[in-house]
Amino acid sequence: MSRILVGLKRVVDYNVRVRVKPDGSGIVSDGIKMSLNPFDEIALEEALRIKERGAATEVVVASIGPADTQPHLRTGLAMGADRAILVETHAAVAPLAAARVFLKLIEKESPQLVLLGKQAIDDDNSQTGQMLAALWQRPQATFASKVELNGSVATVTREVDAGLETLEVDLPAVITTDLRLNEPRYVKLPDIMKAKKKPLDIIAIADLGVAVDSQFRTVSVNAPAVRGKGVMVKDVGELAAMLRDRGLV
C-alpha cells in the first residue's frame with residue numbers, strides 16, 4: 001500500500017464546558033480550547049501503526065476549516081504523519097460537503113485506504129465516512145474496533161448493537177474507527193519541533209469546486225435541562241418504593 005489518507009477535524013475540547021449564546025444562535029466559541037476530534041486521533045494512530053508495520057509508505061492528514069486549524073494539523077504531523085493538507089474555509093461544512101471535499105483529495109492523492117473517525121464529538125452526525133464511500137463507489141467498514149490488512153483486502157471487526165461483526169473489504173476502501181480500536185500515542189517535544197518542517201499544503205475550498213451551501217440551517221440551540229438533585233437510598237426495597245411513588249414502575 002502506498003498511501004493512507006486520514007481525516008482530522010478540529011472540535012471543542014471534550015474537557016470544555018460548552019455554553020450557549022444568549023440569543024440561542026450557537027455556542028460561545030471565543031477563547032475556548034479546541035483540539036482534534038478523539039475518534040480522528042484513533043484513526044491517525046491506526047494509520048501510523050499500519051505504516052510502522054511496513055504495510056504503507058505514507059500517511060497524509062487532511063482537515064477542512066479556517067486558517068487556525070493549522071496547529072491541529074501540526075499535531076497530526078507531530079504524531080507521525082508525513083504530510084498535511086488544509087482545505088480552507090470559514091463556512092460550516094455539512095457531512096455531504098465534507099465527503100465531496102475528501103473525494104477531491106482522493107482523486108488528487110490516490111490513497112489505498114481512507115481512515116476517518118466514526119463521528120465528531122461536536123455534531124455527532126456519523127455520516128461523512130458512509131457518504132464518502134458512496135461517492136467514491138468503494139467498500140466501507142464503519143465502527144472498526146480491529147483492522148487487519150492482507151494484501152488488497154482489509155479484515156475489519158466492527159462494533160454493532162448485537163456484539164461484534166467481522167467483514168472483509170477490498171481496497172481501496174473507507175474505514176471509520178471506533179473507541180476501542182487503539183489508544184493514540186502522546187506527542188513528544190522533539191516530534192513537535194520536527195513537525196514544523198513537514199509540508200502543510202493549503203487549498204481554498206473553492207479551488208476544489210465544492211459548494212458548502214447546506215440544505216439545513218440551525219434554528220436554535222438550547223442548553224440541556226438542569227438535572228434534579230440525586231437521592232441516596234438505603235436498599236433496593238426503598239428504591240423500588242420510591243419509583244412506585246413517582247409512577248415510574
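The structure presented is a predicted model; accordingly, all values stated were derived computationally and were not measured. (Residues numbered from 1 in each chain as written. Predicted model: local features only at pLDDT ≥ 70, side-chain atom pairs only at ≥ 80, totals over all residues. Heavy atoms only, no water.)

> Whenever I open this one, the sheet that holds strand β8 (residues 153-160) confuses me. Can you help?
As a general point, the strands of a sheet are linked pairwise by backbone hydrogen bonds and lie either parallel or antiparallel. Spatial ordering of the open sheet is given by β9-β8-β7-β10-β6-β1-β4-β5-β11, a layout of 9 strands whose pairing is mixed. Where the open sheet ends on each side, the last strands, each with one partner, are β9 (163-170) and β11 (200-204). In this sheet, adjacent strand axes meet at a mean angle of 30° when their direction is disregarded. Along the sheet, helix α1 (residues 38-52) makes contact with β1 (3-7), β4 (58-65), β6 (113-117), β7 (140-150) and β10 (173-177), crossing β6 at roughly 150°. Strands in contact with helix α3 (residues 95-109) are β1, β4, β5 (83-88), β6 and β11; relative to β4, the strand with the most contacts, it is inclined by about 145°. (Pairing = 2+ DSSP bridges. Helix = DSSP H or I, 4+ residues; strand = E, 2+ residues; numbered from the N terminus. Axes fitted to C-alpha atoms, helices over the stretch in contact; angles between N-to-C directions. Contact = heavy atoms within 4.5 Å.)

> Could you clarify how one ought to interpret unusual backbone geometry in this entry?
Phi is mostly negative for residues that are not glycine, and the peptide bonds are mostly trans. For the bond running from leucine 171 to proline 172, omega is 0°, close enough to zero to count as cis. Relative to the helices and strands, proline 172 is located in the loop between β9 and β10. For serine 110, which is not glycine, the phi torsion reads 50° and is therefore positive. Summarising the element assignment, serine 110 is placed in the loop between α3 and β6.

> Would you mind going over the side chain of threonine 69 with me for this structure?
Examined against the element boundaries, threonine 69 turns out to sit in the loop between β4 and α2 (70-79). If sequence neighbours within four positions are ignored, threonine 69 has contacts with Arg10, Ser63 and Leu86.

> Would you take a moment to explain the pairing of β10 for this structure?
Residues in a regular strand point their side chains to alternate faces of the sheet. Of all the 5 residues making up β10, 5 are buried; the element is thus mostly covered by neighbouring parts of the structure. Taking every second residue as pointing to the same face, both faces of β10 are buried, with Ala173, Ile175 and Thr177 on one and Val174 and Thr176 on the other. Two strands pair when backbone bridges link them, and β7 and β10 are joined in this way by 3 bridges, in the parallel orientation. Considered in β10, the bridge of glutamine 140 is made with valine 174. (Buried < 20%, exposed > 50% of the residue type's maximum accessible area, 1.4 Å probe, protein only.)

> Can you walk me through the nonpolar core in this structure?
If you look at soluble globular proteins, the nonpolar side chains tend to sit buried side by side. If you look at the biggest cluster of nonpolar residues, it comprises 35 residues, and the most contacted ones within it are Ile4, Val6, Leu44, Val61, Leu115 and Ile175. Leave out the neighbours within four places in its chain, and leucine 44 touches Val6, Leu8, Val59, Val61, Gly76, Met79 and Ala81. Counting 24 residues, the second largest nonpolar core, distinct from the first, contains Ile85, Ala98, Leu132 and Val174. (Core = buried A, V, L, I, M, F, W, Y, C linked by side-chain atoms within 4.5 Å.)

> Sorry if this is basic, but what is going on with the packing of α3 against helix α4 (residues 128-136) here?
Two quantities define a packed helix pair, namely the angle between the helix axes and the distance between the axes. One way to put it is that α3 packs onto α4 with a least axis distance of 8 Å and a crossing angle of 50°. By the criterion of interaxial angle, the relationship of α3 to α4 is oblique. When you trace α3 past α4, the crossing you get is right-handed. Only Thr128, Met131, Leu132, Leu135 and Trp136 of α4 make contact with α3, whose side of the interface consists of Pro95, Leu96, Ala98, Ala99, Arg100, Phe102, Leu103 and Ile106. Split into classes, the residues belonging to the contact of α3 with α4 amount to 11 nonpolar, 1 polar and 1 charged. (Parallel < 35°, antiparallel > 145°, perpendicular 65-115°, else oblique. Left-handed = near helix turned anticlockwise from the far one by under 90°. Nonpolar A, V, L, I, M, F, W, Y, C, P; charged D, E, K, R; others polar.)

> Would you explain α3 in this entry?
Every α-helix carries 3.6 residues per turn, so stepping three or four residues along brings you back to the same face. Helix length check: α3, at 15 residues, gives a terminal C-alpha distance of 21 Å against a target of 21 Å (1.5 Å per residue), a fit within 8%. Of all the residues in α3, the buried ones are Pro95, Ala97, Ala98, Ala99, Val101, Phe102, Leu103, Leu105, Ile106 and Glu109. (Expected span 1.5 Å × (residues − 1).)

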